Amino acid sequence: MASLSKRQLLLMEHAAKQRLPRVKFTADWKKLFQLWQIGETDGTDKYLYLTANDYVLLRNMAQIDSGLDILALDFDVPRQQMSQLSANEKYANISPEADYVLIKLAPSLSQSLETDLAPDAVVDLLSVHNFSLRLKVDSAIALCQRLNLTNLIVVENLDSFDHFFANLFTPELQAVINNCMVLYRGSHDYSPAGRKRFLHLLQPLNVNVIGFTDLDPAGLMIANSLESCRSLIVPQLALASPDKLIALTQTNSTDDFHKQHKQWAYLNNLHRDAHSGDKSDSQSSVQSAIYNPQWLALVQWLGQHCVSIKQQHMLAKSMSLTLLNLHCLE
């Protein structure tokens, strides 16, 4: 097992690339000096002096120890790839759970895939059985490019992800759903790390990212903080007839709302800042111009009536779901 830490490798990389004549004799450099006796101390243990030849030796010894070249370090790889270079696969920044996502495709997109399987087998797996795919992040990005994907739905809960296409959507939203990829946000067995990396790599493709969450403080906070998320799927009644929505029996849980006080504080601050009348506060005035008034009204209504309606109830009650933009359209 390699004895060097990632921090020590980075210290050597910085010094070697800059060809620093001396470095501060920190604990890490003292350990390196004890290992290899490369360089000369100044006698006061404040600095370690290094020559061009010393850097050649450092590079060679570091490569023998770690398997890595300090002049070409790249930690942003999966552990499997790192294991091909080093005995310490944990040098890799991309942990196993950050390298996979759980996705599914709209039936029309499933049928459009060109695969080695018979077309009817593809439809059977992906459409009839509502088949999900656990893909490497890079493979999922490649699939988006292959499909020329326009819409991605990020779903908060796993069982709601499983039954996503069983929901009832407005005609306008159904057109979006018919050409979408569905992504599980991640939790427990499916780490959110993969979703975060996937969304980050997806940005250059200009895909329309849509959140589908519980209608409660935690859900709205998730949607607002989700990378590149532009809109949210909500019950149509929440916008058209909110009183009818909370009047539905066995649907709203005020007790659950009160368990989400931190998330509500986040939303309340967002709402307050967006409506701040103090124009000297540049951040408030910018937020007022960004957030959709309909979105802010939903946040206010949520707090006034202590609303917590789960995705599972949206499906169980056959609620018609629609799209709400989080920000004003330019």
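Residues numbered from 1 in each chain as written. Predicted model: local features only at pLDDT ≥ 70, side-chain atom pairs only at ≥ 80, totals over all residues. Heavy atoms only, no water.

- As recorded in an unreviewed UniProt entry, the protein goes by DUF7281 domain-containing protein and comes from Shewanella frigidimarina.

1. Structural notes on helix H3 (residues 52-66)
And step 1. Under the 1.5 Å per step criterion, the end-to-end length of H3 is 21 Å for 15 residues, consistent within 8% with the ideal 21 Å.
And step 2. For H3, the complete set of buried residues consists of Asp54, Tyr55, Leu58, Ala62 and Ser66. The buried residues of H3 occupy an angular sector of 95° when the element is viewed end-on, so they sit on one face. Exposed positions of H3 whose direction lies more than 90 degrees from the buried face are Asn53 and Ile64.
And step 3. Once H3 finishes, Gly67 follows within two positions and takes phi at roughly 85°, a positive value. (Helix = DSSP H or I, 4+ residues; strand = E, 2+ residues; numbered from the N terminus. Expected span 1.5 Å × (residues − 1). Buried < 20%, exposed > 50% of the residue type's maximum accessible area, 1.4 Å probe, protein only. Arc of directions from axis to C-beta.)

2. Focus on the pattern of salt bridges
Working definition: two side chains of opposite charge can pair if their charged atoms are close together.
And step 1. Scanning the model with the defined rule gives 11 salt bridges in all.
And step 2. With its nearest N and O atoms 2.6 Å apart, the salt bridge here joins Asp28 to Arg7. Placement of Asp28 in helix H2 (residues 27-36) and of Arg7 in helix H1 (residues 6-18) is noted, with a sequence separation of 21 residues between them.
And step 3. The buried category is assigned to Asp28, whose relative accessible area is 13%.
And step 4. A relative accessible area of 52% places Arg7 in the exposed class.
And step 5. Close ionic contact of Asp256 with Lys310 constitutes a salt bridge, the shortest N to O distance being 2.6 Å. Here Lys310 lies in the loop between helix H17 (293-304) and helix H18 (311-316) and Asp256 lies in helix H14 (residues 254-258), a separation of 54 residues in the sequence. The burial state of Asp256 is the same as that of Lys310; both residues are buried.
And step 6. One salt-bridge network, held together by shared partners, links Asp99, Lys136, Asp138 and Arg197. (Salt bridge = Lys/Arg side-chain N within 4 Å of Asp/Glu carboxyl O.)

3. Brief notes about the side chain of Asp99
And step 1. With respect to the element layout, Asp99 can be found in the loop between helix H4 (79-82) and strand S4 (100-105).
And step 2. Judged by its relative accessible area of 4%, Asp99 falls in the buried class.
And step 3. Here Lys136 takes part through its side chain, which lies 2.3 Å from a polar atom of the side chain of Asp99.
And step 4. Within polar-contact distance, the side chain of Asp99 engages the side chain of Arg197 at 3.0 Å.
And step 5. Excluding residues within four positions of it along the chain, Asp99 makes contact with Pro78, Ile94, Leu135, Lys136, Val137 and Arg197. (Polar contact = N/O pair within 3.5 Å; in protein donor to acceptor, adjacent residues only side chain to side chain. Contact = heavy atoms within 4.5 Å.)

4. Some words on the packing of helix H11 (residues 217-225) against helix H15 (residues 261-274)
And step 1. Axis separation between H11 and H15 bottoms out at 8 Å; the angle between their running directions is 55°. The orientation of H11 relative to H15 falls into the category oblique. When the axes of H11 and H15 are compared, the crossing they make is left-handed. Of the residues in H15, those touching H11 at Pro217, Ala218, Leu220, Met221, Asn224 and Ser225 are Gln263, Trp264, Tyr266, Leu267 and Leu270.
And step 2. Residues belonging to the contact of H11 with H15 are distributed by class as follows: 8 nonpolar, 3 polar and no charged. (Axes fitted to C-alpha atoms, helices over the stretch in contact; angles between N-to-C directions. Parallel < 35°, antiparallel > 145°, perpendicular 65-115°, else oblique. Left-handed = near helix turned anticlockwise from the far one by under 90°. Nonpolar A, V, L, I, M, F, W, Y, C, P; charged D, E, K, R; others polar.)

5. Remarks on the environment of Ser160
And step 1. Along the polypeptide, Ser160 turns up in helix H8 (residues 158-162).
And step 2. As for Ser160 and Lys310, which are separated by 150 residues in sequence, their C-alpha atoms are 9.5 Å apart.
And step 3. Beyond its immediate stretch of four places on either side in the chain, Ser160 contacts Val155, Gln311 and Gln312.

6. Here's the deal with the pairing of strand S11 (residues 320-325)
And step 1. The sheet contact formed by strand S7 (residues 168-169) and S11 spans 2 bridges and is parallel. The residue bridging Phe169 from the neighbouring strand is Leu321, located in S11.
And step 2. Here strand S10 (residues 229-235) pairs with S11 via 5 bridges, running antiparallel. Opposite Val234, over in S11, you have Thr322 as the bridge partner. (Pairing = 2+ DSSP bridges.)

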